[in-house]
Amino acid sequence: MHYILEILPSLVAGAGMTLKIFIWTLIGSLPLGLVVSLGLISNFKPLQWLLHFYVWLMRGTPLLLQLIFVFYGLPLVGIVFPRYYAALFAFILNYAAYFAEIFRGGLQSIDDGQYESARVLRLSYGQTIRKIVIPQVIKIVLPSVGNEVINLVKDSSLVYVIGLGDLLRAGNVATARDVTLVPLVLVGVIYLLLTAVTTFILGRIEKHYSYWK
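Here, residues in each chain are numbered from 1, in the same order as that chain's written sequence. Selection of residues for local features in this predicted model requires a pLDDT of at least 70, selection of side-chain atom pairs for listing and counting requires 80 or more, and totals for whole chains, interfaces and linings are taken over all residues. Side-chain metrics rest on all non-hydrogen atoms present in the structure, leaving aside hydrogens and water.

S.K.: Can you walk me through the overall build of the chain in this structure?
M.R.: In this text, helices come from DSSP runs of H or I with a minimum length of four residues, and strands from runs of E with a minimum of two, each type numbered from the N-terminal end. Scanning the chain from N- to C-terminus turns up eight helices and zero strands. Secondary structure elements of the chain, listed N to C terminal, follow the sequence α-α-α-α-α-α-α-α. Expressed as lengths along the three principal axes of its C-alpha atoms, the size of the chain is roughly 70 × 45 × 20 Å. Taken across its 213 residues, the chain has 40% of its residues classed as buried. Should any heavy atoms of two residues lie within 4.5 Å, those residues are counted as being in contact. For the chain, the proportion of contacts with a sequence separation of at least 24, taken over those separated by at least 6, is 75%. Method for areas: the Shrake-Rupley scheme with a 1.4 Å probe, in which residue coverage is limited to the protein chains shown. Roughly 12,100 Å² of accessible area belongs to the chain as shown, and the carbon and sulfur atoms make up 69% of that amount. Working definition: with a 1.4 Å probe on protein chains only, accessible area under 20% of the residue-type maximum means buried, over 50% means exposed, and in between means partly exposed.

S.K.: Sorry if this is basic, but what is going on with the nonpolar core here?
M.R.: A general feature of soluble globular proteins is that nonpolar side chains tend to end up buried together. Residues belong to a common nonpolar core when they are buried Ala, Val, Leu, Ile, Met, Phe, Trp, Tyr or Cys residues joined through side-chain atoms within 4.5 Å. Leu11, Ile21, Phe91 and Phe99 are the most contacted members of the largest nonpolar core, which totals 45 residues. Those elements that provide at least two residues to this core are α1 (2-40), α3 (63-73), α4 (83-108), α6 (125-155), α7 (167-178) and α8 (182-208). The element contributing the most residues to this core is α4, with eleven residues. Filtering out sequence-adjacent residues up to four positions away, Leu11 remains in contact with Leu167, Ala170, Gly171, Pro183, Leu186, Val187 and Ile190.

S.K.: How should I be thinking about the pattern of salt bridges in this particular structure?
M.R.: Think of it this way: side chains of opposite charge can pair up when their charged atoms draw near. Take a side-chain nitrogen of Lys or Arg and a carboxyl oxygen of Asp or Glu: if they are within 4 Å of each other, that pair is a salt bridge. Across all of its chains, the model carries three salt bridges by this definition. The closest approach of N and O atoms between Glu101 and Arg104, which form a salt bridge, is 3.0 Å. Note that Glu101 and Arg104 are positioned in helix α4 at a spacing of three residues, about one turn of the helix. In this structure Glu101 comes out as buried when scored by relative accessible area, which is 18%. In this structure, the salt-bridge partner of Asp178 is Arg177, at a minimum N-O distance of 3.1 Å. Residues joined by salt bridges that share partners form a network here, namely Arg59, Glu101 and Arg104.

S.K.: Teacher, can you tell me more about the UniProt feature "domain: ABC transmembrane type-1" (unreviewed entry) in the chain here?
M.R.: Following the UniProt record, one finds the feature "domain: ABC transmembrane type-1" (unreviewed entry) at residues 15-202. Secondary structure across residues 15-202 comprises 81% helix and 0% strand; the distance between its end C-alpha atoms is 20 Å. UniProt positions are given in the numbering used here, feature names are shortened, and annotations may be inferred rather than shown by experiment.

S.K.: Help me understand the side chain of Thr175, please; the structure alone is not making it clear to me.
M.R.: Its location among the elements puts Thr175 in helix α7. Thr175 sits in the buried class, given a relative accessible area of 16%. Those residues in contact with Thr175 that lie beyond four places of it in its chain are Thr180, Leu181, Pro183 and Leu184.

S.K.: Explain the packing of helix α5 (residues 112-120) against α6 to me, please; I cannot follow it from the model alone.
M.R.: Angle between the axes and distance between the axes are the two parameters that describe a pair of packed helices. Here α5 crosses α6 at 155°, and the two axes come no closer than 11 Å. It follows that α5 is roughly antiparallel to α6 by the angle criterion. Between α5 and α6 lies a crossing of right-handed hand. Residue-level inspection shows Gln114, Tyr115 and Ala118 of α5 in contact with α6, the latter providing Thr128, Ile129, Ile132, Val133 and Gln136. To obtain an axis, a line is fitted to C-alpha atoms, over the contacting stretch when the element is a helix, and the angle between two such axes runs from 0 to 180 degrees between their N-to-C directions. Geometric relationships in this document are graded by angle, where less than 35 degrees denotes roughly parallel, more than 145 denotes roughly antiparallel, 65 to 115 denotes roughly perpendicular, and other angles denote oblique. We call a crossing left-handed when the near helix sits turned anticlockwise from the far one by less than a right angle, and right-handed when that turn is clockwise.

S.K.: Just to check I follow, could you spell out α6 for this structure?
M.R.: Because each turn of an α-helix spans 3.6 residues, side chains separated by three or four positions in sequence point in the same direction. By this rule the span expected of a helix is its residue count minus one, scaled by 1.5 Å. Look at α6: only 36 Å from first C-alpha to last across 31 residues, short of the 45 Å you get at 1.5 Å a residue. Bending is quantified residue by residue as the angle between axes fitted to the seven-residue window ending at that residue and the seven-residue window starting at it. The sharpest bend along α6 reaches about 55° and sits at Val141, with the proline Pro143 one to four residues further on.

S.K.: Looking at this structure, how should I read the packing of α1 against helix α2 (residues 45-60)?
M.R.: Viewed as axis vectors pointing N to C, α1 and α2 meet at an angle of 135°, and their least axial separation amounts to 8 Å. Taken together, α1 and α2 sit at an angle that is classed as oblique. Between α1 and α2 lies a crossing of left-handed hand. Within the contact between the two elements, α1 uses Leu32, Val36, Gly39 and Leu40 and α2 uses Leu47, Gln48, Leu51, His52, Tyr54 and Val55.

S.K.: Would you take a moment to explain the side chain of Gln66 for this structure?
M.R.: Checked against the element boundaries, Gln66 lands in helix α3. Excluding residues within four positions of it along the chain, Gln66 makes contact with Leu57, Met58, Thr61, Ala90 and Asn94.

S.K.: Could you clarify how one ought to interpret the UniProt feature "transmembrane region" (unreviewed entry) in the chain in this entry?
M.R.: Within the UniProt annotation, "transmembrane region" (unreviewed entry) is assigned to residues 21-41, 53-72, 84-103 and 181-203. The annotated region residues 84-103 carries 100% helix and 0% strand content, and the separation between its end C-alpha atoms amounts to 28 Å. With 96% helix and 0% strand, residues 181-203 has end C-alpha atoms that lie 33 Å from one another.

Below, the structure written as structure tokens:
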């Protein structure tokens, strides 16, 4: 117990960095994913092709490789990110692509009659999307979005590859220094707690939207 209390502050600090990556990735990738999904179903073909290529690239290559490319590769062409912002940039682009595909499926599941009814009511396209389509899409895509959000909690551990002091890195440092697996066990427990809290919050959100079936 004395040893656990000794290493706990560094693990908590690492968990703080993990949470920052998690929260800011959600804040950036969810709106971006929605915008990209609207572009994917637009009638402007060049935009569609460009966005399909972006989604294909982000989903077809490992997030770990994307992190390495952003932090170590982009400086070769003069684009330099600090570690933290490199991680955020890579995570937001990656998860926005996944969310875009989820939102696209939700948008395409909305019956054309919804849009025709909105036109009869003389609603603009923006009003139709905001007031009629989006509330229905949220209910449809919540389970899939929830799965990606839980994956994000675990994927955040990948930032160790660019030397960012997250939870897993703190555990690895303590394990290598003290030659014991106790830090990694604690890391696993903290990740389980984070996913449990996230799952609970997602469950409450789904329950909130369950009034509409």
